[in-house]
Amino acid sequence: MPRSRADVFRWAGVLASAVSALTWGCDERACDATALARALAAAGAGDVVEVGACRIAGAFQIPEGVTVRGVSGSTLASVDERPVLEALGSARVELLAIEVDHGGLGVVAREASLELADLEVRVSRGVGVGVEGASLGATRVRLEGPITADNAAFAPMSAAETGTFGLVARALDAEDVVTLESVHVAGFAVAGVSVGGGSLTWRGATDAPDVEGVRGVGLATFGTATTLTSVEITSMLAGVGMPGIGVVASAASALDADGLEVHDGAGYGLFADGSAVTLAEGTRMADLGLMGVRLQGGTLDATDLVAERNGGAGVMAIDTDHVHLEGGRLDAQRSALFVTMLGSIEIGDGIEVVRDPSTLDAPPIDLALVGVSISDNVRAGLLLDANDDTRTT
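The following refers to the structure shown. (Residues numbered from 1 in each chain as written. Predicted model: local features only at pLDDT ≥ 70, side-chain atom pairs only at ≥ 80, totals over all residues. Heavy atoms only, no water.)

This brings us to the overall build of the protein chain. For the protein chain, the count of helices and strands is two helices and 36 strands. The 393 residues of the protein chain split such that 49% are buried. Considering only intrachain contacts with a sequence separation of at least 6, the fraction spanning at least 24 residues in the protein chain is 51%. A total of about 16,600 Å² of accessible surface is found on the protein chain, and carbon and sulfur atoms cover 53% of it. (Helix = DSSP H or I, 4+ residues; strand = E, 2+ residues; numbered from the N terminus. Buried < 20%, exposed > 50% of the residue type's maximum accessible area, 1.4 Å probe, protein only. Contact = heavy atoms within 4.5 Å. Areas by Shrake-Rupley, 256 points an atom, 1.4 Å probe, with all protein chains shown as cover.)

Among the nonpolar cores identified, the biggest contains 81 residues, and Leu85, Leu116, Trp202 and Leu325 are the most heavily contacted of them. Among the elements that take part in this core, strand β12 (residues 163-186) stands out by supplying seven residues, more than any other. Among the nonpolar cores identified, the runner-up in size contains 14 residues, and Ile245, Val248, Tyr268 and Met291 belong to it. (Core = buried A, V, L, I, M, F, W, Y, C linked by side-chain atoms within 4.5 Å.)

Tallied over the full model, the rule gives one disulfide. What pairs with Cys31 in a disulfide is Cys54, and their sulfur atoms sit 2.0 Å apart. Taking the sign of the S-S torsion, -110° for the link of Cys31 and Cys54, the bridge is left-handed. Here Cys31, found in the loop between α1 (5-21) and α2 (33-42), pairs with Cys54, found in the loop between β1 (48-50) and β2 (55-57); they are 23 residues apart in sequence, far enough to count as distant. (Disulfide = S-S within 2.5 Å.)

A few words now on the pairing of strand β7 (residues 91-100). A regular strand places its side chains so that they alternate between the two faces of the sheet. Taken across its 10 residues, β7 has eight buried, putting it largely inside the fold. The sheet contact formed by strand β5 (residues 75-77) and β7 spans three bridges and is parallel. By the bridge assignment, Thr75 is partnered in β7 with Ala97. Pairing geometry for β7 and strand β9 (residues 114-123), over nine bridges, is parallel. The residue bridging Ile98 from the neighbouring strand is Val121, located in β9. (Pairing = 2+ DSSP bridges.)

It is worth spelling out the packing of aromatic side chains at this point. Following the criterion strictly, the structure yields one aromatic pair and no others. Measuring from ring centre to ring centre gives 5.7 Å for Tyr268 and Phe271, while their planes differ by 40°; the resulting arrangement is tilted. Taken individually, Tyr268 and Phe271 each receive the classification buried, so the pair is uniform in this respect. (Phe/Tyr/Trp six-rings, centres within 6.5 Å; stacked < 30°, edge-to-face > 60°.)

This part takes up the pattern of salt bridges. If you walk through the whole model with that rule in mind, you get 22 salt bridges. Residue Asp319 is joined to Arg355 by a salt bridge in which the shortest nitrogen-to-oxygen separation is 3.4 Å. Within this pair, whereas Asp319 is found in the loop between β27 (313-318) and β28 (322-326), its partner Arg355 is found in the loop between β32 (349-354) and β33 (365-370), the two being separated by 36 residues in sequence. Take Asp319 and Arg355: they sit in the same class, and that class is buried. For the salt bridge of Arg355 with Asp321, the shortest nitrogen-to-oxygen distance reads 3.6 Å. Of this pair, Arg355 sits in the loop between β32 and β33 while Asp321 sits in the loop between β27 and β28, and the two are 34 residues apart along the sequence. Here the salt bridges do not stand alone but share partners, grouping Glu261, Arg284, Asp287, Glu308, Arg309, Arg329 and Asp331 into one network. (Salt bridge = Lys/Arg side-chain N within 4 Å of Asp/Glu carboxyl O.)

Moving on, we come to the pairing of strand β25 (residues 299-303). Of the two faces of β25, only one is covered, namely that formed by Leu300 and Ala302; the face formed by Thr299, Asp301 and Thr303 stays uncovered. Pairing geometry for strand β22 (residues 276-279) and β25, over four bridges, is parallel. Bridging from a neighbouring strand, Leu279 pairs with Ala302 of β25. The pairing of β25 with β28 spans five bridges and is parallel. By the bridge assignment, Thr299 is partnered in β28 with His322.

So, on to the environment of Val248. Looking at where Val248 falls in the secondary structure, it is placed in strand β18 (residues 245-250). In this structure the C-alpha to C-alpha distance between Val248 and Leu270, which are 22 residues apart in sequence, comes to 5.9 Å. Discounting residues that sit within four places of it in the chain, Val248 has contacts with Val217, Leu219, Ala220, Thr221 and Phe271.

This part covers the environment of Leu330. Topologically, Leu330 is positioned in strand β29 (residues 329-331). Expressed as a C-alpha distance, the spacing of Leu330 and Ile374, which sit 44 residues apart in the sequence, is 4.8 Å. Contacts of Leu330, omitting those with residues within four sequence positions, involve Leu305, Ala307, Val315, Leu325, Gly350, Ile351, Val372, Ser373, Ile374, Ser375 and Asn377.

Below you can see the structure in the form of structure tokens.
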């Protein structure tokens, strides 16, 4: 307590200085489009541009080496088809909500690495995050689109009309890396995550599914070296021409999955075309409308794979040169319609290995089933149709 009049004045001066140093509202953080644009234009490598607890609509460019950081309640929103945030060089974005409503992108980077953390990107029309020819790291990011079970069947597929992709990484070079950790994707019309080239490492969350309620494909890779650890994909939705597939690996991708779980979806759990697939312990495909694992060409090595209550087959391999399963269960597959060039047939098999009769010069299929439990499938436990050209163990 002040003891004299002089002490009172000194104390009052200290208090006034302390009060003036407080941040009231957005005095030191950008809270309108003009202030944010000016702050970004003036920033240099190593600088942090802060966004206040407010909603700002605009299209902003992030200089090389700059971090854009929000606080609780910070929201950036689109005004037209331009990206809400465009990185002009390597950049970082964190602690923001981003709204994409005009057919553009939430955050985009081209030929420069991008780091994202603690973001929520809500897309009604457009794409959440896009990178081209660059590495991407995303941690604790939520990507949410407008697709639900009620509108999935006939929802459009154009970014001008709906949320099409949660995250797209394309034209990646071999050294480009996409790293996802605790990334949640839901409600997109074409794919949750799509990666072309480079490599992808995705470590799933522990408290919720990583992909849910996406129409089309949960994760699509094209010539990508992919490592999935404890990724859970559920409630995939089908629509016109969109079967609802958990994971697609194509164009000579290499997929290595440990603890991958795809369940309760309309289509396949995993569809691989001309790719090398390795499924480690903990991989489970269950309660799907179509096959748990469907392969066209390529190879499959699986340890302790569980495929149960899927439509048509637990595993179907067509012209797949190498199919090795050790341990695991292929149980209780349901009847489903399988369409071929010769017509349609109802199938329901634990595992079906097929050689296309037209592939006359193909090498023998190398098939090995070691300690695999196969039971209660509606048609056959194991079906081989390989033109007498199979090495079976």
